[in-house]
Structures are given as structure tokens and as C-alpha cells.
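Listed here are the chains, written in short residue letters.
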Amino acid sequence: MDFLELTDKTVVVFGVANRKSVAFHVARTLESVGARVVYVVRSEERREKVRSLVPQSAAIHVCDVERPSEIESLAAELADTEIDGLVHSIAFADYEGAAKPFHETSKEQFLRAVD
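**Things to note about the overall build of the protein chain**
Line of reasoning, step 1. Counting secondary structure elements, the protein chain contains four helices and four strands.
Line of reasoning, step 2. Each helix and strand of the protein chain, ordered N terminal to C terminal, gives the series β-α-β-α-β-α-β-α.
Line of reasoning, step 3. Principal-axis analysis of the C-alpha atoms gives the protein chain an extent of 45 × 30 × 25 Å.
Line of reasoning, step 4. In the protein chain, buried positions account for 30% of the 115 residues.
Line of reasoning, step 5. Sequence separation of at least 24 residues holds for 54% of the intrachain contacts in the protein chain that already meet a minimum separation of 6.

Structure below.
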């Protein structure tokens, strides 16, 4: 059932990393109701991994949002695409070696993640 009326709409989904990604499940749900999903991943390496998870015809763009030049490139690549929606599901954590409890996150690490 397409309760959001997204059939034939184009939705850009940022943040698919693997089968466990929230973004992956959102994208699959969008595709199941007939939406066209444009995937945006962080790196070429990630694009190759995601390629095996999504339909062969899916567009997968690379954009590391920490790099303004890549944001500009993505905007240029999508300039002629009519976009009906965007899903922000980018997750980031700077572990500096090993994972640690959330309350031990430094201010600098927190601000980088928010940025």
C-alpha cells in the first residue's frame, strides 16, 4: 500500500552502508511502493558494496558530505533530476581507535558528527 503516494516519485537516499542500515530498509520500502530511489554513498568502495544490494538499474552516486567539493559535484550530477523527496540517514562516529561509551564522546567528536 502506497500510503505516502510515492509511486513514480524520485527520492534521494543518503546513508546506505549495508543490509543493516536504516537507509537500506527505507529505500527498499520506497521501491516496494514504486518510488525511484537514487542512492548516495560515502565512497567508491561503499558504492561497490551497495551495488550488490540494490537493483542493477539503480543510480548510486558518491558524496562524502565532509567534502564541500563532493556536495557541489553531487548537486551538478542531480541538477536535471526532479527530486520529490530526500532521506538523510547518514551516521558518523569518530572512535579514535576503539568504540567507547557515548558519555565519553569529546565535544570535538560530537561537533564533527553533527557537522
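**What about a nonpolar patch on the surface?**
Line of reasoning, step 1. On the surface, a cluster of nonpolar side chains totalling about 210 Å² of accessible area is made up of V65, I71 and I90.
Line of reasoning, step 2. Mapped onto the secondary structure, I90 falls in the loop between strand 4 (85–88) and helix 4 (107–114).
Line of reasoning, step 3. Exposure remark for I90: the relative accessible area of 34% places this residue in the partly exposed category.

Criteria and cut-off values
Residues numbered from 1 in each chain as written. Predicted model: local features only at pLDDT ≥ 70, side-chain atom pairs only at ≥ 80, totals over all residues. Heavy atoms only, no water. Helix = DSSP H or I, 4+ residues; strand = E, 2+ residues; numbered from the N terminus. Buried < 20%, exposed > 50% of the residue type's maximum accessible area, 1.4 Å probe, protein only. Contact = heavy atoms within 4.5 Å. Patch = residues over 30% accessible without salt bridge, like charges linked within 9 Å, V, L, I, M, F, W, Y side chains within 5 Å. Areas by Shrake-Rupley, 256 points an atom, 1.4 Å probe, with all protein chains shown as cover. Salt bridge = Lys/Arg side-chain N within 4 Å of Asp/Glu carboxyl O.

Shape is all these values report; function is a separate question.
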